[in-house]
Each structure stands twice: as C-alpha cells, then as structure tokens.
Amino acid sequence: MKLRLPKITIWRAIFAAIVLSGLYATYLRVFYGLGGSTNLSDKFPWGIWVAFDVICGVGLAAGAFTLVVIVHIFAIDSYKPVLRPAILTAFLGYLLVVVGLMYDLGRPYRLWHPLVMWNPHSVMFEVAWCVTLYSTVLFLEFLPVVFEKFGLHKPLAWIHRISVPLMILGVLLSTLHQSSLGSLFLIVPEKMYPLWYSPILPLLFYVSAIAVGLAMTIFESWHSSRTFGRALELPLLASMARVLAVVLSAYLWIRFLDLTHRHVWDLLLRNRIETWLFALEIALMLVPAVLLFQAPIRRSPGKLYACAVMVVFGFIANRLNVGTTGLEAGSGTHYVPKWSEVAVTLSIVACGFAAFRMIAGYFPIFEAHSHEDGRRESEKTEEDSVSVG
Amino acid sequence: MPRAILYDSTICIGCKACESGCAERWGLPYNDRVAGEEYLSAHKLTAIQTHGDRFSRRLCMNCVQPACASACPVGAFQKTSLGPVVYDGSKCIGCRYCMQACPFQVPTYEWSKRLPLVRKCDMCYARQSAGKLTACAEVCPTGATKNGDRDELIAEARQRIAGKPDQYYNRIYGIKKEVGGTSVLFLSAVPFEQIGLRTNVPQEPLPETTWRVLELLPDVVSTGSVLLGGIWWITNRRAEVARKEGKRQ
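For every chain, the first residue of the written sequence is number 1, and numbering continues from 1 onward in sequence order. Chains carry letters and ligands carry numbers; both start at the beginning, A for chains and 1 for ligands, and go up in the order they are written. Restriction of local features to residues with pLDDT of at least 70 applies here, the model being predicted, together with a cutoff of 80 or more for giving and counting side-chain atom pairs; totals for whole chains, interfaces and linings are based on all residues.

Engineer: Can you walk me through the overall build of chain A in this structure?
Structural biologist: What chain A contains, in helices and strands, is 16 helices and zero strands. In this setup the radius of gyration rests on C-alpha atoms only. A globule is expected at 2.2 Å times the number of residues raised to 0.38. Against the compact-globule benchmark of 21 Å for 389 residues, chain A has a radius of gyration of 21 Å, which places it among compact chains. Overall size of chain A, expressed as C-alpha extent along the three principal axes, is 60 × 50 × 45 Å. To sort residues by exposure, count the other C-beta atoms lying within 10 Å of each residue's C-beta; 20 or more gives buried, 12 or fewer gives exposed, and values between give partly exposed, all with C-beta atoms placed from the backbone. Per-residue burial over chain A gives 48% buried out of 389 residues. In chain A, 81% of the contacts between residues at least 6 apart in sequence involve partners at least 24 apart. The secondary structure listing takes helices from DSSP runs of H or I that are at least 4 residues long and strands from runs of E that are at least 2 residues long, numbered from the N terminus. A pair of residues counts as a contact when their C-beta atoms, built from backbone coordinates, are within 7 Å of each other.

Engineer: I would appreciate a short explanation of the overall build of chain B in the present structure.
Structural biologist: A count of helices and strands for chain B gives nine helices and nine strands. Computed over its C-alpha atoms, the radius of gyration of chain B comes to 25 Å, more than 25% above the 18 Å expected for a compact globule of 249 residues. Along the first, second and third principal axes, the C-alpha set of chain B runs to 100 × 45 × 35 Å. Counting all 249 residues of chain B, 45% fall into the buried class. Across chain B, the fraction of contacts at a sequence separation of at least 24, relative to all contacts at a separation of at least 6, is 62%.

Engineer: Just to check I follow, could you spell out the nonpolar core for this structure?
Structural biologist: Soluble globular proteins tend to pack their nonpolar side chains together in the buried interior. In these notes, a nonpolar core means any group of buried Ala, Val, Leu, Ile, Met, Phe, Trp, Tyr and Cys residues linked to one another through C-beta atoms within 7 Å. In terms of nonpolar packing, the biggest core is built from 182 residues, with Ala211(A), Ala215(A), Leu244(A) and Val311(A) touching the most fellow members. Of all the elements, helix α9 (residues 201–227) of chain A adds the most residues to this core, at 14 residues.

Engineer: Honestly, the interface of chain A and chain B in this entry has me stumped. Any pointers?
Structural biologist: Many descriptions give the size of an interface as the accessible area lost when the pieces come together. Between chain A and chain B, the residue contacts involve 42 residues of the former and 50 residues of the latter. Looking at the side of chain A that touches chain B, the element that brings in the most residues is helix α8 (residues 163–183) of chain A, giving seven residues. In this count, Pro and Cys sit with the nonpolar residues alongside Ala, Val, Leu, Ile, Met, Phe, Trp and Tyr, while Asp, Glu, Lys and Arg are called charged and the others, Gly among them, polar. A class-by-class count of the residues in the side of chain A that touches chain B yields 26 nonpolar, ten polar and six charged.

Engineer: How should the domain arrangement of chain B be read in this particular structure?
Structural biologist: Taken domain by domain, chain B comprises domain 1 (3–207) and domain 2 (216–248). Measuring from the centre of the C-alpha atoms in domain 1 of chain B to the corresponding centre in domain 2 of chain B gives 56 Å. The start and end points of each domain follow an automatic or database-based domain assignment.

Engineer: Looking at this model, I keep getting lost on the environment of His334(A). Mind explaining?
Structural biologist: The topology assignment puts His334(A) in the loop between α13 (301–331) and α14 (339–362). Along the sequence, His334(A) and Ala283(A) sit 51 residues apart, while their C-alpha atoms lie 25 Å from each other.

Engineer: Help me out: how do you make sense of the environment of Ala62(A) in this one?
Structural biologist: All names here are of chain A. Structurally, Ala62 can be placed in the loop between α2 (48–60) and α3 (63–73). Residue Ala62 is classed as buried on the basis of its 28 C-beta neighbours within 10 Å. Through-space distance from the C-alpha of Ala62 to that of Thr217 is 9.4 Å; in sequence the pair is 155 residues apart. For Ala62, the residues in contact, after removing those within four places along its chain, are Ser174, Gln178, Ala209, Ile210, Val212 and Gly213.

Engineer: Please explain unusual backbone geometry as it appears in this structure.
Structural biologist: Residues other than glycine predominantly adopt negative phi, and peptide bonds predominantly adopt the trans conformation. All names here are of chain B. Unlike most non-glycine residues, Gln105 shows phi in positive territory, near 50 degrees. Positionally, Gln105 belongs in the loop between α4 (97–101) and β6 (108–109). In this structure, Met123 takes a positive phi of about 50 degrees despite not being glycine. Position of Met123 relative to the elements: it lies in the loop between β7 (118–119) and α5 (125–129). With 27 C-beta atoms packed within 10 Å, Met123 lands in the buried category.

Engineer: I'm lost on the packing of α2(A) against helix α4 (residues 83–104) of chain A in this one. Help?
Structural biologist: When two helices pack together, their arrangement is given by the angle between the helix axes and by the axis-to-axis distance. All names here are of chain A. Fitted lines through C-alpha atoms give the axes, limited to the stretch in contact for helices. The angle between two N-to-C directions lies from 0 to 180 degrees. Taken N-terminus to C-terminus, the directions of α2 and α4 make an angle of 165 degrees; their axes are 9 Å apart at the nearest point. Of the possible angle classes, the one that applies to α2 and α4 is roughly antiparallel. The crossing of α2 and α4 is left-handed. Only Gly93, Leu96, Val97, Gly100, Leu101, Tyr103 and Asp104 of α4 make contact with α2, whose side of the interface consists of Trp49, Val50, Asp53, Val54, Gly57, Val58 and Leu60. When the residues that make up the contact of α2 with α4 are grouped by side-chain class, the tally is nine nonpolar, three polar and two charged. Each angle receives one of four descriptions, namely roughly parallel if under 35 degrees, roughly antiparallel if over 145, roughly perpendicular if within 65 to 115, and oblique otherwise. It is the rotation of the near helix from the far one that decides the hand of a crossing: anticlockwise by less than a right angle makes it left-handed, clockwise makes it right-handed.

Engineer: Explanation requested: the sheet that holds strand β9 (residues 184–187) of chain B in the structure shown.
Structural biologist: Think of a sheet as strands paired side by side through backbone hydrogen bonds, with each pair either parallel or antiparallel. Residues and elements named next belong to chain B. Sheet architecture is open: three strands sit in the order β8-β1-β9, paired in mixed fashion. Two strands in the sheet have a free side with no partner beyond their single neighbour: β8 (145–149) and β9. For this sheet the average axis-to-axis angle between neighbouring strands, irrespective of direction, equals 25 degrees. As paired elements, strand β1 (residues 3–8) and β8 share five bridges and run antiparallel to each other. When the bridges of β8 are listed, Tyr7 appears paired with Thr145. Here, strands pair whenever DSSP counts at least two bridges between them.

Engineer: Help me out: how do you make sense of α2(A) in this one?
Structural biologist: Every α-helix winds through 3.6 residues per turn, so residues three or four apart in the chain are directed the same way. The length a helix should cover is 1.5 Å for every residue beyond the first. Taking 1.5 Å of rise per residue, the 13 residues of α2(A) would be expected to cover 18 Å, yet its terminal C-alpha atoms sit only 15 Å apart, more than 12% below that figure. Counting buried positions along α2(A) gives 13 out of 13 residues, so the element sits mostly inside the fold.

Engineer: What's the story with the pairing of strand β3 (residues 54–58) of chain B in this structure? I'm lost.
Structural biologist: Residue and element names in this part refer to chain B. In terms of burial, β3 is largely enclosed, as four of its five residues are buried. Of the pairings in the sheet, the one linking strand β2 (residues 47–51) to β3 comprises five bridges and is antiparallel in character. Residue pairing in the sheet places Thr50 in a bridge with Phe55 of β3. Two successive antiparallel strands, β2 and β3, enclose a turn made up of two residues, where Gly52 displays a positive phi of approximately 65 degrees.

Engineer: Teacher, can you tell me more about the confidence of the model for chain B here?
Structural biologist: Do not read the fine detail of predicted coordinates wherever pLDDT is low. Each residue carries a pLDDT score, the predictor's own confidence in it, on a scale running from 0 to 100. Per-residue confidence for chain B gives a mean pLDDT of 95, with 99% of residues at or over 70. Our summary of model confidence lists the complex with pTM equal to 0.92 and ipTM equal to 0.92.

Engineer: Explain the packing of α9(A) against α13(A) to me, please; I cannot follow it from the model alone.
Structural biologist: Residue and element names in this part refer to chain A. Between α9 and α13, the shortest axis-to-axis distance is 8 Å and the interhelical angle comes to 140 degrees. What the angle tells us is that α9 and α13 run oblique. In this structure, α9 crosses over α13, and the sense of that crossing is left-handed. Where α9 abuts α13, its residues Ser208, Ala211, Val212, Ala215, Met216, Ile218, Phe219 and Trp222 lie against Pro301, Leu304, Tyr305, Ala308, Val309, Val311, Val312, Phe315 and Asn318. Residues that form the contact of α9 with α13 fall into these classes: 15 nonpolar, two polar and no charged.

Engineer: Looking at this structure, I do not really get the environment of Phe313(A). What am I missing?
Structural biologist: Residues and elements named next belong to chain A. Tracing the chain through its elements places Phe313 in helix α13. Judged by the 17 C-beta atoms lying within 10 Å of it, Phe313 is partly exposed. A sequence separation of 175 residues divides Phe313 from Leu138, and the C-alpha atoms of the two residues are 25 Å apart.

Engineer: For this particular structure, what's the right way to read the confidence of the model for chain A?
Structural biologist: Per-residue pLDDT for chain A averages 90, and the proportion of residues at 70 or more is 93%. Every residue in residues 368–389 of chain A is under pLDDT 50, and counting partners more than four places away or in other chains gives 40 contacts.

Engineer: Looking at this model, I keep getting lost on helix α11 (residues 273–291) of chain A. Mind explaining?
Structural biologist: Residue and element names in this part refer to chain A. The end-to-end C-alpha distance of α11, which contains 19 residues, comes to 27 Å, matching closely the 27 Å that a straight helix rising 1.5 Å per residue would cover. Turning to α11, its buried residues are Leu277, Phe278, Glu281, Leu284, Met285, Pro288 and Ala289. On the buried face of α11, the contacting elements are α10 (234–261) and α13.

Engineer: Honestly, the pairing of β1(B) in this entry has me stumped. Any pointers?
Structural biologist: Sheet faces and side chains relate simply in a regular strand, where the side chains alternate between the two faces. With six of its six residues buried, β1(B) lies for the most part within the structure. Going residue by residue along β1(B), you find Arg3(B), Ile5(B) and Tyr7(B) tucked away on one face and Ala4(B), Leu6(B) and Asp8(B) tucked away on the opposite face as well.

Have a look at this one:
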C-alpha cells in the first residue's frame with residue numbers, strides 16, 4: 001500500500017470538525033459530569049444519548065439478524081452479497097452503542113454489573129444480557145471474514161460447524177432485545193404521550209427494527225457502491241425494497257389499529273409539538289411504503305436510496321419521539337439536548353462511518369465484487385472518503 | 001409488620017422541621033436557601049410544598065410494589081419487608097431507569113458529580129430497623145407526619161376522617177389505588193391534586209406492565225428456536241436432496 005498525505009476535502013473537514021467538538025464534549029463529560037455536559041435533569045433523566053445512541057443504534061443494526069434469517073434460515077442465496085456488510089454494520093453498531101453507554105452511564109466502569117448482579121424483573125437487565133450476548137454472536141459471525149483474509153482454514157472450518165446454532169441464537173437474542181427496547185417504556189404509562197404509549201410497544205419496536213434493518217442495508221449498499229466503485233446489486237436491492245414495502249405496510253397497519261383501539265386519533269386535532277412530530281414520523285414511513293410498491297421506483301438507484309433514507313429518518317424520528325418528545329409533557333419539563341450531547345452523538349456516527357469504510361476496504365466484505373474491483377479500489381480518491389456507510 | 005408514614009396535610013403548619021431533620025439524618029447541608037426549595041433534589045430528600053394556604057410534603061412514597069426496584073438492572077433497589085425501599089449505591093451503574101420509571105419522579109441524581117449516585121428517601125430504614133421513628137416523624141411538632149405500623153396508620157386515618165368529616169377530603173391517598181399502594185399515606189382537606197399529588201397514576205402496580213412482557217421470554221425462546229431450527233432443517237434438507245439428485249444424474 002502506498003502512503004499518501006490525506007487530501008483536505010469537504011467531507012474530511014466536516015469529519016474533523018465533528019470529532020474535535022466530540023473530543024471537547026468528552027472532556028466536559030469526564031471532568032464536569034453529566035450535569036456539565038448534558039441538559040438532563042431529575043425530571044428528565046434520559047436524553048439523546050439513550051434515545052439515539054443506544055435505542056436507535058441498536059435498531060439501525062437490525063439488518064444483520066433479518067438477513068441471517070433470509071439467507072441462512074430460509075436459504076435464499078441471492079441475498080448473500082449484502083449479508084456481510086449487514087453483519088459488519090451490526091457489529092460496529094453494537095460497539096458504538098457500548099461507546100454511547102460509556103458516555104451516558106453515570107458510572108461507566110460498572111458496565112459489567114448486570115452480568116453478575118441480577119434482576120430478572122428488569123427490562124434493562126434483559127437488554128443488557130441480550131446486547132452482550134448478541135455482540136459476541138456478531139463477533140463470531142464476522143470472524144470468518146477475518147479468517148478468510150488471513151487464510152486460516154482450520155478455525156474457519158471450526159466456526160462453520162457451530163454457525164447454525166450461532167445464527168439461531170443471534171436471531172432469538174435480536175428478537176428479544178429489539179422488542180425489549182420498546183418494553184423499557186411500558187413502565188411509564190402515565191408519563192408518555194398517548195400517541196406513543198401503547199401496550200404493544202415491544203411489537204412496534206420489533207417490526208420497525210426489521211424495516212429499518214432492510215433500509216439500512218440498501219443505504220449502505222448504495223454508499224459502498226459509490227465509495228468502492230463497485231456495481232450496485234440493483235435487482236437484489238429492488239427485491240429487498242419490495243420486502244421492505246410489505247414490512248412497512250404491516251407496521252403502519254399495526255400502528256393504525258393500535259391508535260384506533262386506544263381511541264387517541266382526536267389528539268391529532270390539537271396543535272401541539274407532539275402532533276407535528278407524530279405526523280412527521282408517520283409520513284417518513286408512509287411515503288416510502290407507498291413509493292416502494294412501484295416497480296419503476298425500486299429499479300431507480302436514486303429513488304430507491306431516497307426511500308431507504310426516508311425509512312431510516314422515520315425510524316429515528318419514532319425512537320426520538322418515544323425516548324424524548326413523548327415524555328416531555330408527562331414529566332412537566334422541556335428538554336433540548338446541549339451542544340455537547342449532539343457533538344458526542346455526531347462523533348459516534350462519524351466514527352461508525354469511518355470504521356466501516358476502513359474495515360470494508362481491508363477485509364473481503366463485498367465478496368462478489370472484491371476481486372475484479374480490487375485494483376480500482378486502491379487507486380480511488382473519491383471525495384466522500386469518509387462519509388461511507 | 002410493614003411500617004408506613006402518614007402525612008396529614010390538615011395538621012401541617014409548614015415549619016419544615018421534617019426537612020431539617022431529614023437533612024441531618026443524611027448529613028446534608030440545610031440552610032435558608034435549601035429551605036426555600038420546594039422540590040426534591042440530590043441534596044433535599046423531602047420537601048414541604050405550599051399550595052395556597054395549605055401544605056404538602058414530597059418524599060419517596062416507598063411503594064408497596066416499587067417501579068424502581070423492578071426497573072433497576074442490577075437490583076440496587078429492594079423493597080424491604082419492613083416497608084422502606086432501600087438503595088444500594090455500590091451496585092448502581094447510573095442508567096437512571098429508576099428515575100424514568102418512578103411515577104412520582106422521586107429518585108434524584110447527583111448531576112454535578114463526576115461519579116454520581118441516585119439519592120432518595122429510604123424511610124429511615126436503619127432507624128426503623130433499630131426500633132426508632134423516622135427522623136421526620138420524630139421532629140414533627142404537630143404530628144402531621146406520623147410513623148408507625150401501616151395497618152394501624154390506615155385505621156387511624158379512617159378515624160380522623162370519620163371524626164371530622166367536614167375537615168377532610170373523604171379519601172386516603174396511597175392505600176391501594178395509587179400504583180397498588182404506597183408506604184406513605186396522605187390525608188388532605190381538598191382533593192389530592194390540589195395539594196400537588198399525582199392522581200393520574202395507574203391503579204395497578206407498575207412492575208406488572210413490564211413483567212407481562214418479560215414473562216413471555218421462555219415462550220419466545222422455545223417457540224423461536226424450534227421454529228427457526230425447523231425451517232433451517234427443511235430448507236437445508238431440500239438443498240441436500242437437490243445436490244444428491246444432481247450428482248446421480
């Protein structure tokens with residue numbers, strides 16, 4: 001590999017600015033505590049470090065388990081090319097969730113406590129265990145890529161032997177904790193705005209996680225095809241988009257039934273911030289659901305990408321609504337994240353993009369294309385070298 | 001027998017002796033500035049509130065089935081058989097789920113510390129275990145805050161209402177209808193929301209809301225693993241058969 005001085009590009013400048021502000025925010029967090037680095041309060045104990053870094057982070061990494069089911073359980077081989085990127089996304093995603101937790105926990109060095117101090121009645125306890133175990137599973141699911149890279153055939157054969165129970169375990173763990181992130185909020189029935197509080201929050205979280213997992217896979221395929229200059233697996237992504245449209249429709253239908261049965265539609269007549277944010281969240285799910293049912297849109301890379309981005313933002317809007325907006329009225333206070341909260345969150349996202357780019361450039365993630373495009377990739381000086389998903 | 005605190009808003013004169021007694025018990029600073037704060041915080045675990053010409057008291061309700069104890073991932077909160085809900089700071093990881101879960105917004109956090117802990121009233125568990133009264137009840141000059149056996153306090157509260165029905169709002173806050181009951185009971189001259197108590201809390205104990213889902217976990221795992229394993233076996237078998245038939249031809 002040739003050593004080059006990094007060129008200053010707009011994306012690199014943005015990346016540097018984000019990381020620098022994140023480092024300063026980290027300094028504030030370490031030396032001035034949560035009080036000096038966040039706008040949290042006794043009445044509003046959870047902010048975007050929980051709602052975005054942890055809850056969205058875990059959800060956005062849901063592509064791996066969905067694709068494992070499709071590729072290995074249902075044995076639909078055509079989806080194979082996107083499986084590895086999804087596993088890598090998920091593994092990085094969970095690592096970054098842990099990084100986010102280190103910021104948010106009051107005593108991060110006690111992160112391991114739930115593993116020895118048990119409370120099986122706690123949803124948080126279940127989430128802690130599932131996330132720990134599933135991160136391990138993801139690591140093992142990613143290991144074959146490393147073994148392949150270094151030609152380690154013996155461990156490769158060994159890990160293939162345990163791969164089926166491993167995959168089933170991973171899917172079960174994902175099912176449990178993706179839904180449990182919704183169950184976390186079941187305990188605040190009177191605090192959460194009724195547009196969001198529902199006894200079926202775990203089901204809603206689970207189904208929307210599957211949707212966003214597929215959307216994220218399309219999103220990162222599109223980005224990596226641009227960065228690594230490889231061909232987009234368009235027929236595959238189009239077929240995935242059709243599955244996505246079905247999952248989104250199912251989600252919206254469950255949502256509709258839920259709101260109807262709880263008789264809360266009339267809340268939408270009130271001119272409140274909750275109404276508008278609810279509308280935004282639903283629109284960002286409904287529009288792509290409708291669009292992706294149309295074949296011409298699925299076959300157009302740009303439109304397909306736009307739909308995936310909408311789903312991702314719709315998902316984020318939903319989690320932020322449940323985790324922050326929906327709890328404001330009930331807790332009798334207002335919460336706007338402090339700049340340092342935003343800086344840390346953006347830094348984590350930026351580092352995720354950068355790490356994915358580095359690992360995908362080094363390891364055989366895109367198996368189908370890595371050989372023919374290998375040479376082109378090493379010469380590439382794309383300007384969005386950092387903003388790669 | 002479980003213990004409790006009965007706070008009678010109609011007798012309280014707002015002298016805040018309970019506040020200073022509590023601060024002393026916890027070794028927290030107490031001065032005019034702190035006395036002026038009418039809300040709970042990490043340095044003030046009970047607060048007297050003024051609602052017009054009436055007073056009310058805020059402190060941990062020490063719920064019969066506490067949401068904080070069910071929410072805490074490391075079991076730092078325990079409901080003792082004596083009544084108090086105690087907190088073991090040496091376990092706490094600082095996830096603040098207890099604060100989110102508490103329907104009364106009682107647990108507070110040491111936001112300004114580098115290594116913070118949760119703070120809340122524990123109904124003087126240590127004192128009560130030793131047969132003493134809670135610090136607040138001991139110093140209360142009028143008997144507005146009374147500490148004793150929960151059943152006896154409920155009986156006494158009923159008697160007070162029956163004795164002077166025109167002076168009391170005809171209900172006791174905390175027996176059963178507030179998240180399944182609390183170990184701090186309230187009497188008032190006016191409906192409870194007028195002295196700042198929460199009347200919109202669910203009747204059922206909050207741990208039920210999450211346990212309903214958590215208890216399905218074995219079902220999800222057993223059904224899920226059989227289902228996934230079964231589907232895998234069928235698809236894999238089909239591929240195997242196809243491979244063998246392909247070889248033979």
